[in-house]
Amino acid sequence: MTQFEEQATKDLFDKNLITENQYQEITAYRALGIFSLNAELKLLLYFSALLFTSGIGILIYDNIDSFGHIVLLSTLLIVISGCFYYCFKNSKGFQKTETISESPFLEYIVLIANVLTCIFIGYLQFQYEAFGTHYGLATLIPTIVSFSCAYYFDNKSVLTIAITGLAAYIGLSVTPQDIFNSSNDFYDNQTLTYSAIALGVLLIVWTIYSSRINLKTHFTLVYLTFALHMISVATISNLFTDDFMWLLFTVVLGISSFYFYKVSHKQKAISLYIFMIVYAYIGFNLFLFRILDFIRPDDIWILLILLLPIYFIVSIVMFIKLIKKFNKEIA
Amino acid sequence: MIQDKNLLDNLVLTEEADLLLDAGFINKEQRAIIRKQLPSFKIQRNILVRLAFFLLGAFLYLSICGVITLIGISGENTFFKICCYLFAGVGVLGAEYLISQKYYRHGLDDAFILGILLNIGCGIVFTTDAYDIMLIPAVIVAIVSFLTYYRYLHLLSMLVFCMACVAVLFFGMIELQYGEQVLPFVTMLVAAGFYFFTKKRISSLTKKYFYNGLLLANSFCLIVFYLSCNYLVVRELSIELLGYEMRDKEIPLWYFFYFMTFTVPIFYLYQALKTKDRIMLWISFLAIAFSIYTVRVYHSVLPIEVALTLGGLVLFAIAWFSIQKLKNKETGLTFKPDRINNSNAFLNAETLIVASSFGLKPEVKTDSPMEFGGGGFSGGGSEGSF
């Protein structure tokens, strides 16, 4: 590979597209022969955190009656305190902007400490009903802990846990594997839909407020991603309802798509933009389908099949235009 | 090959410019000038965009096939005999048109080219009625996918070609007498042979645009070699093919396969670090994980929770010591992020992994004491069974 890369750099230089200084700098850097294991080792740390906390979780769950509870709780507490001690000692403290920690371990220790705290609270609730029958509280407290950790230590992974906790508090499951399957029954449960949309709006409002007071603006993308998926999935699932509510949800989807169209340009986030287009396209197709279904034209379905390729070609041309426009505007 | 060679050369240069921009050697204006000066394909670099176009292309392809079916359905039997080839023809026309319009790695072209391969494969299976013996379809698909790779320089076709080749080898050996018994060894030999063959081709390569295809084949050989001597794969295939009834019995030469299951990944790891080969490094990681899984399937020494906890600790220790050791090195093997080649894309997936494994689930309000009311935690391996 290197032979081709060096050749390519030389070609760029020969065509006068990079300066001689740059060319020298690049060849000097390549000559160091750097083979960085940065991402790989970080990923190893990540998996170790995943394995460790999962193991502890199962260990405690399986042995909930056999160990002495006090022993178990105190061991867990000691480990958590140890982790938090390390975190507080090595972190720079709370800052309103993005903080980059020098220690590569801090991020993962924060994650471990946070997940273990959630396990601890879950255990307390299960064994002692510490929060009585207020199950909501048992979700809300880990959520609050996670939000504090995320903001104090500037940790995006913990922030996602916090947001899923917030959604869980209102009865939603927004983990990536659940949001699209049937664990959220938007179709039969209109209240859940309203909660999802309300939470999405709340997250959006929070990002606007954060950007006003300059509080951790790099978290915005995480919030917006959750908001986009929550609002869109909730509204699209409701486009099938029988009463005329679906018209309302079409309008909601339209408004949210417009908002995310604007905000994805502002954030220069192509992932938001693409998902917005995909959801809007699905919504639009369902809207067309509902209208056709309403008119019930009997004999034209053959015509429809014949027209379908043209419809898709038009869609593709539109898509290409939209992507081109986006790339030009954020460049 | 019908791709414009000039554009392919330009593509190499613009990709290099992208790398240099990411590494901070050149600035955005310079990259814009480079892109302007070197005309390129209609290409989608973002994987999400490419996937979206792939889906749209697939819809378009399907709708065209729908129209053809609507017209041809009156032909009844004869139509169903030839419909797959007709659809493949649509794919060829679409692909040729898109390539002539300079679409490359765009998503749309992927949809049509893969459509050709899929339809040819299905067509051959139906025509030869070969539901048991898949040898002929495998051979044909291998040939066609190689042709599409060579003509359109389409990387996914190369992947299909590699898989079809393995299928040819597999079904071919089954046809032979005693073929099943020597299958693992033959596969190992063939994989090793092709590995060195492709490696040699890469080192003597002068044209960059064949590099990716050869590299893919090369890495594929590594994976096939490992799998062909992995104990789990060999054992399960023996049971499947030879009808071995073995509850407690061992397969012949089991010590050899166990030996290989462990030495091959370690050797890959060693070799990858020595030759600074990032792809081999990733393959070795995956192979090590699969080897550990292999052992756990047959000899679960430790209960899962202890294994997970200890595994986490051991992994953490390994990472810790490696980082401490590499932290202050400036050249060669190092922990410092590389400005030019980095695997940061994988790090971006971290938040997604956390969200899916630790995400809190809503409380389930039931009276059963087994329901974890708070939904306080759901460990990664526990599949939310709390």
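Draft legend 1. Layout of the overall build of chain A. Helix and strand counts for chain A stand at 12 helices and 1 strand. Starting at the N terminus and ending at the C terminus, chain A contains elements arranged as α-α-β-α-α-α-α-α-α-α-α-α-α. Relative to the globule expectation of 20 Å for 331 residues, the C-alpha radius of gyration of chain A, 26 Å, shows a markedly less compact shape. By its C-alpha atoms, chain A is 75 × 70 × 40 Å across when sized along the principal axes.

Draft legend 2. Structural context of the nonpolar core. Residue and element names in this part refer to chain A. With 157 residues, the main nonpolar core has Val110, Ile112, Ala227 and Met230 as its most contacted residues. Top contributing element to this core by residue count: helix α5 (residues 106-128), with 15 residues. Setting aside its immediate chain neighbours within four residues, Met230 contacts Val174, Ala196, Leu199 and Gly200.

Draft legend 3. Region of interest: the environment of Leu216 of chain B. All names here are of chain B. By the element assignment, Leu216 lies in helix α9 (residues 211-228). Placed 54 residues apart in sequence, Leu216 and Cys162 show a C-alpha to C-alpha distance of 8.8 Å. Sequence-distant contacts of Leu216, defined by excluding residues within four places in its chain, comprise Leu155, Met158 and Leu159.

Draft legend 4. Representation of the packing of α9 of chain B against helix α12 (residues 278-298) of chain B. Residues and elements named next belong to chain B. Running from N to C, α9 and α12 point in directions that differ by 20°, and their axes come no closer than 10 Å. Here α12 runs roughly parallel to α9, going by the angle between their axes. The element α9 and its partner α12 pack so that their crossing is right-handed. The segment α9 lies against α12, with Ser219, Leu222, Ile223 and Tyr226 engaging Ile279, Met280, Ile283 and Ala287. Taken together, the residues that form the contact of α9 with α12 break down as 7 nonpolar, 1 polar and no charged.

Draft legend 5. Main features of the packing of helix α3 (residues 47-72) of chain B against helix α5 (residues 108-128) of chain B. All names here are of chain B. Where α3 contacts α5, the axes come no closer than 7 Å and their chain directions differ by 50°. By the angle class used here, α3 and α5 are oblique. Our pair here, α3 against α5, has a crossing hand that is right-handed. Of α5, the residues touching α3 (which contributes Phe53, Phe54, Gly57, Ala58 and Tyr61) are Leu108, Asp110, Ala111, Phe112 and Gly115.

How each quantity is defined
Residues numbered from 1 in each chain as written. Chains lettered and ligands numbered in written order. Predicted model: local features only at pLDDT ≥ 70, side-chain atom pairs only at ≥ 80, totals over all residues. Helix = DSSP H or I, 4+ residues; strand = E, 2+ residues; numbered from the N terminus. Rg over C-alpha atoms; globule rule 2.2 N^0.38 Å. Core = buried A, V, L, I, M, F, W, Y, C linked by C-beta atoms within 7 Å. Buried ≥ 20, exposed ≤ 12 C-beta atoms within 10 Å, placed from the backbone. Contact = placed C-beta atoms within 7 Å. Axes fitted to C-alpha atoms, helices over the stretch in contact; angles between N-to-C directions. Parallel < 35°, antiparallel > 145°, perpendicular 65-115°, else oblique. Left-handed = near helix turned anticlockwise from the far one by under 90°. Nonpolar A, V, L, I, M, F, W, Y, C, P; charged D, E, K, R; others polar.

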